[in-house]
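The primary structure of each chain is shown beneath.
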Amino acid sequence: MATFDDHEHIENDPAFKGLKVNKGVASVPSVNPDAAKRFLRKRRPQLTVDDYFKGIIGGNMTILSQAVTMVESALPEHQEVAQQIIEKCLPYAGKSIRLGITGVPGAGKSTFIESMGMHIINTGGKLAVLAIDPSSERSKGSILGDKTRMEKLSGEKDAYIRPSPSAGSLGGVARKTRETIILCEAAGFDTIFIETVGVGQSETAVHSMVDFFLLLMLAGAGDELQGIKRGIMEMADAITINKADGSNETKAKLAQTEYKSALHLFPPTKSGWTPEVKTCSSLYHKGITEIWDMILAYVKLTKENQYFDTNRRSQAKYWMYESINEQLRSNFYHHSEIKDNLVLSEQLVLNDEKSSFMAAKELLDKYFNNIK
């Protein structure tokens, strides 16, 4: 029998009549080596802090987005770069109108923002929309669908829409949103919208980073004054009843009267501004101009009576303390010894072998003893 090369088949030996097996094809690498080389050559060069800074103040939206991603990153090396970028951008920030927008689910916040945003852009403004999208407590996932709901606005060159998942830590996302505001202002945006989804605890955080707080409501959805917390109404500088069109227009006017009566029961505001109640139809762009004029009137009044700058300084102080709290909390839970002891302490508490307060005290003592 003839000797065959390993790459050939024994079946081709003349002894096996009627059989012929062709040579096989050598296995091909899963990645084309030439394509891999081209990819490596085309990889984006690492930007320096100065590159980010120049790109942002030059209005480069790609670099702005990359810088915001740095701000939102949990990696320590990214956070270090992000803080350096923010420090350099700080002198160029602070020249915008910051507007917080909240409301009941289904109130038409995205449609309202798009309608108002188009009005601002058409009158020569530049708008950044930062949407705080609460993450699922179960899956930790977020929908982040604001760009798809603001199709017209997202196509405008003078608009920038950035949804941010809260990822379970409201304080964390609120701090990062405030840092993103600084970057957007440095990039030349003169109006910043901060949208929250639903009516809940995130409103307090948003209120502490905006100049004007707008509450969006619906008419004809049951008892108008029962569906919202008093605290959020007290925070509002204005209430707007959306979807005031067609057969709903009469209901909207009635709701407007009810809200006006309710607002009279609240104590006077520190700003010297009397909260107003407006109606609008975002879908048909009715009442949008009047609402924007009202916001400009508020800014004019508060700048004249010095409240505008006083409020911003107060907010900066508040966020300094919030950042300290957030950093301490993060360091505590990421400390190696705490991570090792946390599960054990939790189990002792669940088994009623130790009180919650004693377990917490022991963990904190252990943490502070280890960082001395």
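Just so you know, these numbers come straight off a predicted model, no measurement behind them. (Residues numbered from 1 in each chain as written. Predicted model: local features only at pLDDT ≥ 70, side-chain atom pairs only at ≥ 80, totals over all residues. Heavy atoms only, no water.)

Here we come to the overall build of the protein. From N to C terminus, the protein includes 15 helices and seven strands. Here the protein, with 372 residues, has 41% of them falling under the buried criterion. In the protein, the proportion of contacts linking residues at least 24 apart, taken out of those at least 6 apart, comes to 74%. Counting every atom, the protein has about 21,400 Å² of accessible surface; 54% of that belongs to carbon and sulfur. (Helix = DSSP H or I, 4+ residues; strand = E, 2+ residues; numbered from the N terminus. Buried < 20%, exposed > 50% of the residue type's maximum accessible area, 1.4 Å probe, protein only. Contact = heavy atoms within 4.5 Å. Areas by Shrake-Rupley, 256 points an atom, 1.4 Å probe, with all protein chains shown as cover.)

If you look at the biggest cluster of nonpolar residues, it comprises 86 residues, and the most contacted ones within it are Ile-56, Phe-112, Leu-153, Leu-183, Phe-193, Phe-212 and Ile-239. Those residues in contact with Ile-239 that sit more than four places away from it in its chain are Leu-215, Met-217, Met-233, Tyr-259, Leu-263, Glu-276, Val-277 and Lys-278. (Core = buried A, V, L, I, M, F, W, Y, C linked by side-chain atoms within 4.5 Å.)

Looking now at the side chain of Ser-73. Among the structural elements, Ser-73 can be located in the loop between α3 (61–72) and α4 (76–89). Take Ser-73: its relative accessible area is 13%, and that puts it in the buried class. Beyond its immediate stretch of four places on either side in the chain, Ser-73 contacts His-78, Gln-79 and Lys-176.

Here we take up the environment of Thr-196. By the secondary structure assignment, Thr-196 is in strand β4 (residues 191–196). For Thr-196, a relative accessible area of 0% corresponds to the buried category. Thr-196 sits 95 residues away from Ile-101 along the chain, and the two C-alpha atoms are 6.5 Å apart. When residues no more than four places from it in sequence are discounted, the contact partners of Thr-196 are Ile-101, Thr-102, Lys-109, Ile-132, Ser-202, Glu-203 and Val-206. At 2.8 Å, the side chain of Thr-196 and the side chain of Thr-102 are in polar contact. (Polar contact = N/O pair within 3.5 Å; in protein donor to acceptor, adjacent residues only side chain to side chain.)

Moving on, we get to the packing of aromatic side chains. Geometrically, a pair of aromatic rings is defined through the distance of the ring centres and the angle of the planes. In total, this model carries eight aromatic pairs according to the counting rule given. Taking 4.9 Å as the distance between ring centres and 80° as the angle between the ring planes, the aromatic pair formed by Phe-212 and Tyr-298 counts as edge-to-face. A residue pair is termed long-range when its members are at least 10 positions apart, and Phe-212 in strand β5 (residues 212–218) and Tyr-298 in helix α12 (residues 288–304) qualify at 86 residues. Here the two residues Phe-212 and Tyr-298 agree in accessibility, since each one is buried. Chaining the aromatic ring pairs together yields one cluster made of Phe-332, Tyr-333, Tyr-367 and Phe-368. The cationic tip of Lys-88 hangs over the ring face of Phe-53; the distance from NZ or CZ to the ring centre is 5.2 Å. (Phe/Tyr/Trp six-rings, centres within 6.5 Å; stacked < 30°, edge-to-face > 60°. Lys NZ or Arg CZ within 6 Å of the ring centre and 35° of its normal.)

Once that is clear, we can look at the packing of helix α2 (residues 49–57) against α4. α4 packs onto α2 with a crossing angle of 45° between their chain directions and a minimal axis gap of 9 Å. Judged by the angle between their axes, α2 and α4 are oblique. Where α2 crosses over α4, the two elements pack in a sense that is right-handed. Counting all contacts with α2, which are made through Val-49, Asp-50, Tyr-52, Phe-53 and Ile-56, the residues of α4 involved are Val-81, Gln-84, Ile-85, Lys-88 and Cys-89. Here the contact of α2 with α4 is composed, by residue class, of seven nonpolar, one polar and two charged. (Axes fitted to C-alpha atoms, helices over the stretch in contact; angles between N-to-C directions. Parallel < 35°, antiparallel > 145°, perpendicular 65-115°, else oblique. Left-handed = near helix turned anticlockwise from the far one by under 90°. Nonpolar A, V, L, I, M, F, W, Y, C, P; charged D, E, K, R; others polar.)

Here we come to the layout of surface pockets. Its boundaries defined by the atoms lining it, the largest pocket holds a volume of some 840 Å³. Every residue lining the largest pocket is counted, 33 residues in all, and those nearest its centre are His-207, Glu-234, Met-235, Thr-269 and Lys-270. Listed by contribution, the elements that provide at least two residues to the lining of the largest pocket are α9 (202–207), β5, α10 (230–235), α11 (249–263) and α13 (307–334). Residues that form the lining of the largest pocket fall into these classes: 15 nonpolar, twelve polar and six charged. (1 Å grid on protein atoms, 1.4 Å probe; cavity = no way out; pocket = protein on both sides within 12 Å on 5 of 7 lines; lining within 4 Å. Points joined across faces, edges and corners; volume = space filled by probe spheres on them.)

This next bit is on unusual backbone geometry. Notably, His-285 is not glycine yet its phi reads approximately 60°, a positive angle. Within the secondary structure, His-285 is located in the loop between β7 (276–279) and α12. Judged by its relative accessible area of 52%, His-285 falls in the exposed class. Non-glycine residue Gln-306 carries a positive phi angle of around 75°.

Shape descriptors only; they carry no functional weight alone.
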